[in-house]
Amino acid sequence: MHPPLLTRRSFAVASLAALAACATRGESTVGGTLVRGGPIHTGVAAHPRAEAALIRNGRFVFVGALREARAAGRGAREIDLRGAAAFPGFTDAHVHLTGVGQAALLLDLVGVESIAALQTRLRDYARAHPEGPIVGRGWIETHWPEGRFPTRGDLDAIVNDRPVFLERIDGHAAAVNSTALSLAGVDASTPNPEGGRIERDAAGAVTGMLIDNAMGLVAARLPAPTPAQNREALRQAAALYAARGWAGVHNVSTTLAEEGNFQMLSDAGEMPVHASLYMEPDAVRAVFEREARSDVHSPVQVRGVKVYMDGALGSRGAALLAPYSDAASDGLLVTALDQLNQQLAQARALNYQVAAHAIGDRGNRLVLDAFRDTFAGDAEALRAARWRVEHAQIIAPEDIPRFAAMGVIASMQPSHAISDLHFAPSRLGDDRLAGAYAWASLLRSGASIAGGSDAPVEKGDPLIEFYAACYRHDLTGFAGPNWRLDEAVSREQALAMFTSGAAFASFQESQRGTIEIGKRADMSCFSADLMTCAPEEIPRARPVLTISDGRVTHEAF
Ligand SMILES: [Zn+2]
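Throughout this description, residue numbers start from 1 for each chain and increase along the sequence as written. Residues qualify for local features only when their pLDDT is at least 70, as the model is predicted, and side-chain atom pairs are given and counted only at 80 or more; totals for whole chains, interfaces and linings, by contrast, use all residues. Side-chain figures throughout are based on the complete set of non-hydrogen atoms in the structure, without hydrogens or water.

Draft legend 1. Main features of the overall build of the protein chain. The helix count covers DSSP runs of H or I at least four residues long, the strand count covers runs of E at least two residues long, and both are numbered beginning at the N terminus. When helices and strands are tallied, the protein chain shows 20 helices and 22 strands. Here the globule rule reads 2.2 Å times residues to the power 0.38, and the radius of gyration is calculated from C-alpha atoms. Taking 2.2 N^0.38 as the reference for a compact globule, 557 residues should give roughly 24 Å; the C-alpha atoms of the protein chain span a radius of gyration of 25 Å, in line with that estimate. A sequence separation of at least 24 residues applies to 71% of the contacts in the protein chain between residues at least 6 apart. Residue-level accessible areas treat just the shown protein chains as cover; the underlying method is Shrake-Rupley with a 1.4 Å probe. When the accessible area of the protein chain is evaluated, it comes to approximately 22800 Å², of which 53% is carbon and sulfur surface. The contact criterion used is simple: two residues touch if any of their non-hydrogen atoms lie within 4.5 Å.

Shown next, in the form of structure tokens:
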């Protein structure tokens, strides 16, 4: 059964009001973009579907029946969805966008089937990237016809004037060329470093294969990316993100240079996603002490600071209340508590938002306690501040209701659950899984969740995130027997995490997050209807149209 469409009367009234508002603002009342031809999911509970949406001056000026939209939209360019489904613009509420671009700029060696094929890819990449060291990753030699590791001779034959560093797919070995070896001063006389091995041939000569800690001898000498390379990485990542269907991002752990790149690309019209920035702790003060630079409609805005409580689960750095189930440790705090408290006090004093990394149940409890103590006695001020916990990954069941009670936002990345399901049970044991990746429990308790990807740690694909949130199986369809599948959320809840939830988490719910008259025109459109298709079809869908702030940033029907 289809939910009811808006009534004709409410369209007409709303449309006239919107057009009148345009006229008084001196904006155009003709032209624009009219999207139709597929289900438009508005994200508004009272009228969840519409036939058409009319966009002008960066906003929705009409949402409703096609006939009315055409009447209001004379001169508009019509975009036919051809049966694809439209949604409010997806926002990745936790991404490191420059990191996504840097990863994409590496030489990708996944799937090369021989040393000869590796050489071909190296040659092509070197031609396309004529300057600087070449860093690649992803090769594995086990099925190669040559039956051996690549050597420095193999690489020198292709590139001998700048360093080449090619990591094996497991990250535990690298093949390097002679230029890289001499840059690091590695020769036949160099001893193996602690925890590493420099491979040598029968005559004792260095082959170019570096194992484990020996990789660091070369890696430490490779120059950091230049400012121009970082700007280019961000530019390419933003374009990639629009093409994957994202309309916006919350960029976390932002440096001052990266913030400058966001502003510069935005000013140049080369930032196809709107961005809320959360700064590194050492960069935030400078931003908030300088004059306010942007109005509320600016597509790039600095919102606050990203701080860190503990480490990550895979490397057993997440701080747990009881020891790991598969090790004697209980994790670590990466920021001392008194330092964290100072960071929070400064955020409250300068009135900016806090996004605090917490993975383990102890890390989460300490952060909630620290938030409470910073606002001691003023629960309303804490709620109004909308401070966020990034990841909120493993929470003691008794702490789950504290998020809603305190008004703290859980900023979560569903793909982590389907990546971690292979090792989280052994790290945590069965009982602790009850509060792990507990999206449904948090929502039931009344908490607000913002959905993100943590790319480049994960791929940064809205379809994988949506699939993980509502299905909680990995991409092959696997989930272990105790993987708490009842923590998967409904399609509507998954949609809200990446749309209205992300908007609320960045104080933009009056401007974004739903397809409604007057809001900024953000839309993500996919070849499958995510609200109704089979779960396994979700990650196979294609992004066909992305609109951010009224601008078509991706179109590929
Ligand atoms: Zn992250």
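Draft legend 2. Layout of the nonpolar core. With 95 residues, the main nonpolar core has Leu97, Phe371 and Phe403 as its most contacted residues. Element by element, the count of residues in this core is highest for helix α18 (residues 462-471), at seven residues. Apart from residues no more than four positions distant in its own chain, Leu97 is found in contact with Leu234, Ala237, Ala238, Tyr241, Val249, Asn251, Glu258, Phe262 and Val273. Counting 20 residues, the second-largest nonpolar core is a separate cluster that includes Leu107, Leu109, Val159 and Leu166. Side-chain atoms within 4.5 Å are what join buried Ala, Val, Leu, Ile, Met, Phe, Trp, Tyr and Cys residues into a set we call a nonpolar core. Buried means the residue's accessible area, taken with a 1.4 Å probe over protein chains only, is under 20% of the maximum for its type, while exposed means over 50%, and partly exposed covers the values in between.

Draft legend 3. Highlighting the pairing of strand β18 (residues 409-412). Side chains Ile409 and Ser411 of β18 all project onto a buried face; the interleaved residues Ala410 and Met412 project onto the opposite face, where all are buried too. Two strands pair when backbone bridges link them, and strand β17 (residues 388-391) and β18 are joined in this way by three bridges, in the parallel orientation. Bridging across to β18, Arg388 finds its partner in Ile409. Considered for its hand, the β-α-β crossover made up of β17, helix α14 (residues 400-406) and β18 is right-handed. A pair of strands counts as paired when DSSP detects no fewer than two bridges linking them. A crossover gets the label right-handed when its path from the first strand over the helix to the second runs clockwise, viewed with the strands pointing away from the viewer.

Draft legend 4. Region of interest: unusual backbone geometry. Of note, the amide linkage connecting Ala455 to Pro456 takes the cis form, showing an omega dihedral of 10 degrees. At Asn57, a residue that is not glycine, the phi angle is positive and equals roughly 55 degrees. With respect to the helices, strands and loops of the structure, Asn57 is situated in the loop between β2 (49-56) and β3 (59-64).

Draft legend 5. Geometry of helix α3 (residues 97-105). Of all the positions in α3, only Leu97, Thr98, Gly99, Val100 and Gly101 are classed as buried. Residues of α3 that are buried in the fold lie against β6 (90-95), α8 (227-244), β13 (246-254) and α9 (256-267).

Draft legend 6. Representation of the sheet that holds strand β9 (residues 164-168) in the model. Across the sheet, which stays open at both edges, the six strands sit in the order β7-β8-β9-β10-β12-β11 with mixed pairing between neighbours. Each edge of the sheet is formed by a strand with only one pairing partner; in this case those strands are β7 (107-108) and β11 (196-200). Taken together, the three bridges between β9 and strand β10 (residues 173-176) define a ladder with antiparallel strand orientation. Counted as the bridge partner of Phe165 is Val176 from β10.

Draft legend 7. Representation of the packing of α18 against helix α19 (residues 491-498) in the model. In this analysis, axes come from line fits to C-alpha atoms, helices being fitted only over the stretch in contact, and the angle between any two N-to-C directions falls in the range 0 to 180 degrees. It is the contact of α18 with α19, at a shortest axis distance of 9 Å, that shows an interaxial angle of 135 degrees. The pairing of α18 with α19 is recorded here as oblique in orientation. Relative to α19, the crossing made by α18 is right-handed. Contact residues: α18 offers Glu465, Phe466, Ala469 and Cys470, while α19 offers Arg491, Ala494, Leu495, Met497 and Phe498. Here the nonpolar group is Ala, Val, Leu, Ile, Met, Phe, Trp, Tyr, Cys and Pro; Asp, Glu, Lys and Arg are the charged ones; every other residue, Gly included, is treated as polar. In the contact of α18 with α19, the residues fall into seven nonpolar, no polar and two charged. Angles below 35 degrees are treated as roughly parallel, those above 145 as roughly antiparallel, those between 65 and 115 as roughly perpendicular, and all remaining angles as oblique. Two helices that cross are described as forming a left-handed crossing if the nearer one is turned anticlockwise from the farther one by less than a right angle, and a right-handed crossing if clockwise.

Draft legend 8. Just the sheet that holds strand β14 (residues 274-279), in detail. Reading across from one edge, β6-β13-β14-β15-β16-β17-β18-β19 is the order of the eight strands in this open sheet, with parallel pairing throughout. Looking at strand neighbours, the two that pair on one side only are β6 and β19 (449-451), the edges of this open sheet. Mean inter-strand twist for the sheet, computed between neighbouring axes without regard to direction, equals 25 degrees. Where α19 meets the sheet, its contacts fall on β6, β13 and β19, and the angle it forms with β19 comes to roughly 75 degrees.

Draft legend 9. Main features of the domain arrangement of the protein chain. As far as domains go, the protein chain holds domain 1 (133-219) and domain 2 (310-489). Note that the domain bounds were set by an automatic or database domain assignment. A C-alpha centroid distance of 39 Å is found between domain 1 and domain 2.

Draft legend 10. Spatial organisation of the coordination of the zinc ion. Shown as donors are all N, O and S atoms within 2.8 Å of a metal ion, widened to 3.2 Å for Na, K and Ca; because water is not in the atom set, sites may appear incomplete. Looking at the metal site, the zinc ion is ligated by His94 (NE2), His96 (NE2) and Asp454 (OD), spaced 2.1 to 2.2 Å from it. Here the donor residues for the zinc ion map to a single chain with the spacing H-x1-H-x357-D. Of this pair, His96 sits in the loop between β6 and α3 while Asp454 sits in the loop between β19 and α18, and the two are 358 residues apart along the sequence. Across this residue pair, the class does not change: His96 and Asp454 are buried.

Draft legend 11. Here's a closer look at the pattern of salt bridges. Every case where a carboxyl oxygen of Asp or Glu lies within 4 Å of a side-chain nitrogen of Lys or Arg is listed as a salt bridge. The tally for this structure, following the rule as stated, stands at 27 salt bridges. The shortest N-O distance in the salt bridge between Arg162 and Asp161 comes to 4.0 Å. By relative accessible area, which is 11% here, Arg162 ends up buried. One salt bridge in this structure joins Glu390 and Arg388, with 2.8 Å as the shortest N-O distance. Assigned by exposure class, Glu390 and Arg388 land together as buried. Sharing partners across several salt bridges, the network here consists of Arg365, Asp369, Arg372, Asp373, Glu398, Asp399 and Arg402.

Draft legend 12. Layout of the environment of Asn177. On the secondary structure map, Asn177 appears in the loop between β10 and α6 (178-183). Of the residues examined, Asn177 reaches a relative accessible area of 0% and is grouped as buried. Residues Asn177 and Ala455, spaced 278 residues apart in sequence, show a C-alpha to C-alpha distance of 30 Å. Residues within four places of Asn177 in sequence aside, it is in contact with Arg152, Leu155, Asp156, Val159, Asn160, Arg162, Pro163 and Val164. A polar side-chain atom of Asn177 sits 3.0 Å from the main-chain amide nitrogen of Val164. Polar contact is defined as a pair of N or O atoms within 3.5 Å, subject to the rule that within protein one atom must be able to donate a hydrogen and the other to accept it, and that residues adjacent in sequence are counted only when both atoms are side-chain atoms. Here Ala180 takes part through its backbone nitrogen, which lies 3.0 Å from a polar atom of the side chain of Asn177.

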